[in-house]
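# A look at the structure
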Amino acid sequence: MKAFRWCVMAVVLLAAANGRAACHWPAWDQFKKAYISEGGRVIDPSDARKISTSEGQSYALFFALAANDRQTFDLLLGWTQDNLAEGDLRQHLPAWLWGQKGADAWSVIDTNSASDGDVWIAWSLLEAGRLWKVSRYTEIGKALLKRIAREEVVNVPGLGLMLLPGKVGFAEEKAWRFNPSYLPPQLANYFTRFGLPWTTLRETNLRLLLETAPKGFSPNWVQYQQNKGWQLKPEKPLVGSYDAIRVYLWTGMLHDRDPQKARLLARFKPMATITTTKGVPPEKIDVASGKRTGNGPVGFSASLLPFLQDRDAQAVQRQRVADHFPGDDAYYSYVLTLFGQGWDQHRFRFTAKGELHPDWGQECATSH
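Let us look at the structure shown here. These numbers come from a predicted model, not from an experiment.

## Focus: the sheet that holds strand S7 (residues 222-225)
- Reading across from one edge, S6-S7-S8 is the order of the 3 strands in this open sheet, with antiparallel pairing throughout. In the strand order of this sheet, the two ends are held by strand S6 (175-178) and strand S8 (229-230), each with one partner.
- Where S6 meets S7, 4 bridges bridge the pair, whose relative direction is antiparallel. Bridge pairing in S7 links tryptophan 176 to tyrosine 224.

Right, dumping it as structure tokens:
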């Protein structure tokens with residue numbers, strides 16, 4: 001019996017030494033094999049140009065941090081800086097799109113920024129600096145956040161300070177376009193520690209989320225016009241689908257003590273109701289009428305695991321994720337699944353202040 005105990009102890013100690021005991025995340029390991037190059041580039045194979053985006057890099061940085069995977073974090077950060085930010089995220093917002101431009105040419109395809117990727121990169125760097133005690137990450141994160149405030153934040157008459165989706169192409173003289181999924185409320189809350197414009201943005205972002213969902217469904221994109229407000233009934237129907245699914249995901253992952261969570265859950269309750277009734281989240285929703293079209297991919301089910309408040313409804317989506325886990329050709333669905341299922345498996349949480357609370361365990365906390 002003693003010999004058996006010693007064998008078990010040896011296995012535990014060996015696992016701890018290898019840093020694999022508590023932070024082993026099989027879905028993340030598979031994502032790395034399927035979607036991340038050896039150099040740290042996140043590849044979306046659904047596009048013929050084998051593209052990489054600032055969004056993809058930012059999400060992978062988050063997952064690497066949540067998994068206590070410092071080696072992958074550094075690879076991702078290095079590739080992002082060198083290829084999207086001209087070598088320095090302190091001096092340049094990352095270009096949002098990179099890929100194959102010609103037969104043998106690989107480079108930036110679109111130099112414009114995308115604020116959804118930018119805020120996740122800044123937050124991940126700041127939290128990596130705090131959790132891993134690396135001042136370089138903190139320094140880059142703070143500099144990037146200041147650059148976001150300078151280049152992507154605009155003062156909208158009647159609204160106040162707002163985060164544009166990118167530095168070019170979203171602001172006209174009297175009209176502005178926004179994407180409600182671009183600034184997760186927990187990140188908006190986290191950034192308030194840095195003062196203006198973030199203390200204001202947290203509140204205007206809440207207005208964006210609440211006021212653009214009249215029937216309880218968030219749109220992918222929406223326009224605000226000076227003196228006219230939100231344009232919720234334009235010529236073409238406003239649709240919520242592949243962008244908007246993240247709004248419910250972010251809402252569900254808010255800490256229960258975040259004062260915005262109850263208001264957002266109440267506003268978006270129709271999304272929970274329609275998913276519970278049908279058993280599958282809708283692929284598309286007409287924001288003005290609430291009419292649904294099609295069934296969302298499995299990543300949508302994973303996104304709603306933190307959002308659904310009914311345990312039976314949650315169990316239905318959990319089973320769908322288990323039965324139809326995304327393959328190696330479904331980048332976006334896989335990313336949504338890492339967020340939603342990862343949260344559901346208690347691999348990470350967000351605190352009431354918007355900080356990361358990872359489940360590293362004692363073994364993983366000491367192994368970088």
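## Some details on the pattern of salt bridges
- Tallied over the entire structure, the rule returns 19 salt bridges.
- Linking lysine 32 and aspartate 69 is a salt bridge whose minimum nitrogen-to-oxygen distance equals 2.6 Å. Here the residue lysine 32 occupies a position in helix H2 (residues 26-35), and aspartate 69 occupies one in the loop between helix H3 (54-66) and helix H4 (70-84), the gap between them amounting to 37 residues.
- Among the residues examined, lysine 32 registers a relative accessible area of 22% and is labelled partly exposed.
- Judged by relative accessible area, aspartate 69 falls into the buried class, the value being 12%.
- A salt bridge links aspartate 74 to arginine 70, with the shortest nitrogen-to-oxygen separation between them at 3.7 Å. Of this pair, aspartate 74 and arginine 70 both sit in helix H4, 4 residues apart, which is roughly one turn of the helix.
- We classify aspartate 74 as partly exposed; its relative accessible area is 29%.

## Quick word on the side chain of asparagine 112
- You can see asparagine 112 is positioned in the loop between strand S3 (106-110) and helix H5 (115-132).
- When its relative accessible area of 14% is taken as the criterion, asparagine 112 is described as buried.
- A distance of 2.8 Å separates a polar atom in the side chain of asparagine 112 from the backbone oxygen of valine 168.
- Beyond its immediate stretch of four places on either side in the chain, asparagine 112 contacts Pro94, Ala95, Trp96, Gly166, Lys167, Val168 and Phe170.

## Concerning the environment of alanine 85
- On the secondary structure map, alanine 85 appears in the loop between H4 and strand S2 (97-100).
- We classify alanine 85 as buried; its relative accessible area is 0%.
- Counting along the chain gives 23 residues from alanine 85 to valine 108, while the straight-line C-alpha distance between them is 9.8 Å.
- Once you skip the residues sitting within four places of it in the chain, alanine 85 turns out to touch Thr80, His92 and Pro94.

## So, the sheet that holds strand S9 (residues 239-240)
- Pairing in this open sheet of 3 strands is antiparallel, and the strands run S9-S10-S11 from one edge to the other. Two strands in the sheet have a free side with no partner beyond their single neighbour: S9 and strand S11 (292-295).
- Note: S9 against strand S10 (residues 282-286), 2 bridges, orientation antiparallel. Along S10, the bridge assignment pairs glycine 240 with isoleucine 285.
- In the packing of helix H11 (residues 269-278) onto the sheet, contacts are made with S10 and S11, and the angle to S10 comes to roughly 135°.

## Remarks on the pairing of S11
- With 3 bridges connecting them, S10 and S11 associate as antiparallel partners. Across the sheet, the residue bridging to lysine 284 is threonine 293, located in S11.
- Taking the residues that link successive antiparallel strands as the turn, the S10-S11 hairpin has 5 residues, and the phi of glycine 290 there is positive, at about 80°.

## Quick notes on the nonpolar core
- Within the largest apolar cluster, 83 residues are counted, with the highest numbers of intra-cluster contacts made by Trp28, Phe31, Phe62, Phe73, Phe339 and Phe348.
- In this structure phenylalanine 339 touches Tyr59, Phe62, Phe63, Trp120, Leu249, Trp250, Met253 and Phe348, once residues within four positions along its chain are discounted.
- In this structure, Val154, Val156, Met162 and Trp176 belong to the second largest nonpolar core, which totals 15 residues.

## Section: unusual backbone geometry
- Following leucine 196, the chain continues into proline 197 via a peptide bond in cis, with omega recorded as 0°.
- Mapped onto the elements of the fold, proline 197 is located in the loop between helix H7 (185-191) and helix H8 (198-211).
- The phi dihedral of lysine 50 is positive, around 50°, even though this residue is not glycine.
- Overall, the relative accessible area of 36% leaves lysine 50 in the partly exposed class.
- Its identity as a non-glycine residue notwithstanding, lysine 133 has a phi of 60°, on the positive side.
- Here lysine 133 is to be found in the loop between H5 and helix H6 (135-152).
- Residue class for lysine 133 comes out exposed when judged on its relative accessible area of 73%.

Parameters and conventions
- Residues numbered from 1 in each chain as written.
- Predicted model: local features only at pLDDT ≥ 70, side-chain atom pairs only at ≥ 80, totals over all residues.
- Heavy atoms only, no water.
- Pairing = 2+ DSSP bridges.
- Helix = DSSP H or I, 4+ residues; strand = E, 2+ residues; numbered from the N terminus.
- Salt bridge = Lys/Arg side-chain N within 4 Å of Asp/Glu carboxyl O.
- Buried < 20%, exposed > 50% of the residue type's maximum accessible area, 1.4 Å probe, protein only.
- Polar contact = N/O pair within 3.5 Å; in protein donor to acceptor, adjacent residues only side chain to side chain.
- Contact = heavy atoms within 4.5 Å.
- Axes fitted to C-alpha atoms, helices over the stretch in contact; angles between N-to-C directions.
- Core = buried A, V, L, I, M, F, W, Y, C linked by side-chain atoms within 4.5 Å.

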